[in-house]
Amino acid sequence: DVKVTQSSRYLVKRTGEKVFLECVQDMDHENMFWYRQDPGLGLRLIYFSYDVKMKEKGDIPEGYSVSREKKERFSLILESASTNQTSMYLCASSFQGSIYNEQFFGPGTRLTVL
Amino acid sequence: AQSVTQLGSHVSVSEGALVLLRCNYSSSVPPYLFWYVQYPNQGLQLLLKYTSAATLVKGINGFEAEFKKSETSFHLTKPSAHMSDAAEYFCAVNGWRGSQGNLIFGKGTKLSVKP
């Protein structure tokens with residue numbers, strides 16, 4: 001059974017803190033993605049990676065950075081958390097050789113910044 | 001460029017009634033289309049996908065969707081709603097970012113089921 005796991009389901013942080021969200025997949029997928037989800041706005045792509053140490057900006061990269069040191073792990077970093085980064089964060093992965101680009105999602109991390 | 005439009009951010013049906021969630025797509029190439037479901041405080045789970053093998057696609061939990069090229073639509077249906085179907089549903093089409101494959105998602109439709 002394919003699996004994408006995220007380090008926390010719920011997280012509460014204070015403004016200005018550095019926040020790490022971790023995502024691990026066990027499917028040997030090349031591509032990994034970070035989205036944020038807000039009511040009425042759907043899924044918005046923050047960053048994605050198609051190989052180890054490679055990263056590409058998505059639609060809303062400001063205030064975020066990412067790290068991919070190993071194929072199975074993709075980390076999202078909030079350098080200095082702000083209240084407007086309170087959101088649901090979803091990680092996904094996909095097989096690069098697939099023509100369908102189907103993505104597999106983790107359970108999500110609901111982050112609250114106070 | 002690829003895009004997806006989901007008509008109706010909220011849909012409410014009675015238990016036992018027909019569920020119809022609308023999705024229209026725009027694609028410059030033959031599309032692959034997906035429906036995902038998200039239950040409260042969970043990630044997205046694949047319901048079904050269209051990969052050009054058959055225009056009527058059956059998915060999990062009794063859902064199905066029909067690909068209509070002439071209407072550029074991929075609407076999701078279920079003959080009889082169940083309380084457990086209450087969730088948010090996302091339509092997606094395959095796309096590209098540079099040379100890398102990606103999915104383009106609609107904004108989602110929240111389905112409520114009344115007893």
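Starting from 1, residues in each chain are numbered consecutively following that chain's sequence as written. All chains are assigned letters beginning with A, and all ligands numbers beginning with 1, in the order in which they are written. The model is predicted, so local features are restricted to residues of pLDDT at least 70 and side-chain atom pairs to those at 80 or more, both for listing and for counting; the totals for chains, interfaces and linings are taken over all residues. Processing note: side-chain calculations cover all non-hydrogen atoms of the structure and skip hydrogens and water entirely.

**Student:** For unusual backbone geometry, give the residues involved together with the corresponding values.
**Tutor:** Only a minority of non-glycine residues have a phi that is not negative, and only a minority of peptide bonds are not trans. Non-glycine residue A:D28 carries a positive phi angle of around 60°. Among the secondary structure elements, A:D28 is positioned in the loop between strand 3 (19-25) and strand 4 (31-38). Type-normalised accessible area, obtained with a 1.4 Å probe on protein chains alone, sets the label of each residue: buried when under 20%, exposed when over 50%, and partly exposed for intermediate values. When its relative accessible area of 52% is taken as the criterion, A:D28 is described as exposed. Of note in this structure, B:S52 is not a glycine but carries a positive phi near 80°. We count a stretch as a helix when DSSP gives it H or I for four or more residues in a row; a strand needs E for two or more, and each element gets its number in order from the N terminus. One can find B:S52 in the loop between strand 5 (44-50) and strand 6 (56-58).

**Student:** Any chance you could break down the pattern of salt bridges for me, citing the residues and the numbers?
**Tutor:** Pairs can form between side chains of opposite charge whenever their charged atoms are close. All names here are of chain A. Basic side-chain nitrogens of Lys or Arg form a salt bridge, by our definition, when they fall within 4 Å of a carboxyl oxygen of Asp or Glu. Across all of its chains, the model carries nine salt bridges over all chains by this definition. Across the pair D28 and K71 runs a salt bridge whose closest N-O atoms are separated by 3.1 Å. Taken together, the residues D28 in the loop between strand 3 and strand 4 and K71 in the loop between strand 7 (64-70) and strand 8 (73-78) connect sequence positions 43 residues apart. Under the relative-accessibility criterion, K71 is labelled partly exposed at 28%. One salt bridge in this structure joins K53 and E69, with 2.5 Å as the shortest N-O distance. Within this pair, whereas K53 is found in the loop between strand 5 (42-49) and strand 6 (56-57), its partner E69 is found in strand 7, the two being separated by 16 residues in sequence. No difference in accessibility class separates K53 from E69, as the two residues are exposed. Counted as one network, the salt bridges with shared partners bring together R36, D38 and R44.

**Student:** Mind laying out the nonpolar core, listing which residues take part and the relevant values?
**Tutor:** What we call a nonpolar core is a set of buried Ala, Val, Leu, Ile, Met, Phe, Trp, Tyr and Cys residues that are connected through their side-chain atoms within 4.5 Å. Counting residues in each nonpolar core, the largest one holds 27 residues, and the members touching the most others are B:W35, B:L48, B:F74, B:L76 and B:Y89. Going through the elements one at a time, strand 2 (10-14), strand 3 (19-26), strand 4 (33-38), strand 5, strand 7 (64-68), strand 8 (73-78), strand 9 (87-97) and strand 11 (109-114) of chain B are the ones with two or more residues in this core. The next biggest cluster of nonpolar side chains, apart from the first, holds 21 residues, and it includes A:V19, A:C23, A:Y64 and A:L76.

**Student:** Before we move on, can you summarise the interface of chain A and chain B with the specific residues and values?
**Tutor:** A contact between two residues is defined here by any heavy atoms of the two lying within 4.5 Å. Taken together, the 28 residues of chain A in the interface contact 22 residues of chain B. Each of two parts loses accessible area, computed with a 1.4 Å probe, when they are put together; buried area is these two losses added. Summing the contributions of chain A and of chain B, the shared interface buries around 2000 Å²; its carbon and sulfur component is 51%. If you sort the residues of chain A by the area they bury against chain B, A:Y100, A:N101 and A:E102 come out on top, with a joint share of 28%. Our enumeration of links across chain A and chain B arrives at one salt bridge. For A:E102, the salt bridge is made with B:K49, and the minimal N-O distance between the two is 2.6 Å. Breaking the side of chain A that touches chain B down by element, the ones donating at least two residues are strand 4, strand 5 and strand 9 (87-94) of chain A. By the convention adopted, Pro, Cys, Tyr, Trp, Phe, Met, Ile, Leu, Val and Ala count as nonpolar, Lys, Arg, Asp and Glu as charged, and the other residues, Gly among them, as polar. Here the residues of the side of chain A that touches chain B are counted per class, giving 14 nonpolar, nine polar and five charged.

**Student:** Let's hear about the environment of B:V37: which residues, and what values?
**Tutor:** Residues and elements named next belong to chain B. Note on placement: V37 falls in strand 4. For the pair formed by V37 and L48, sequence separation is eleven residues and the distance between their alpha carbons is 9.5 Å. Setting aside residues up to four positions removed in sequence, V37 forms contacts with G43, L44, Q45, L47, A87, E88 and Y89.

So far we have only geometry, and geometry alone does not tell us how the molecule works.
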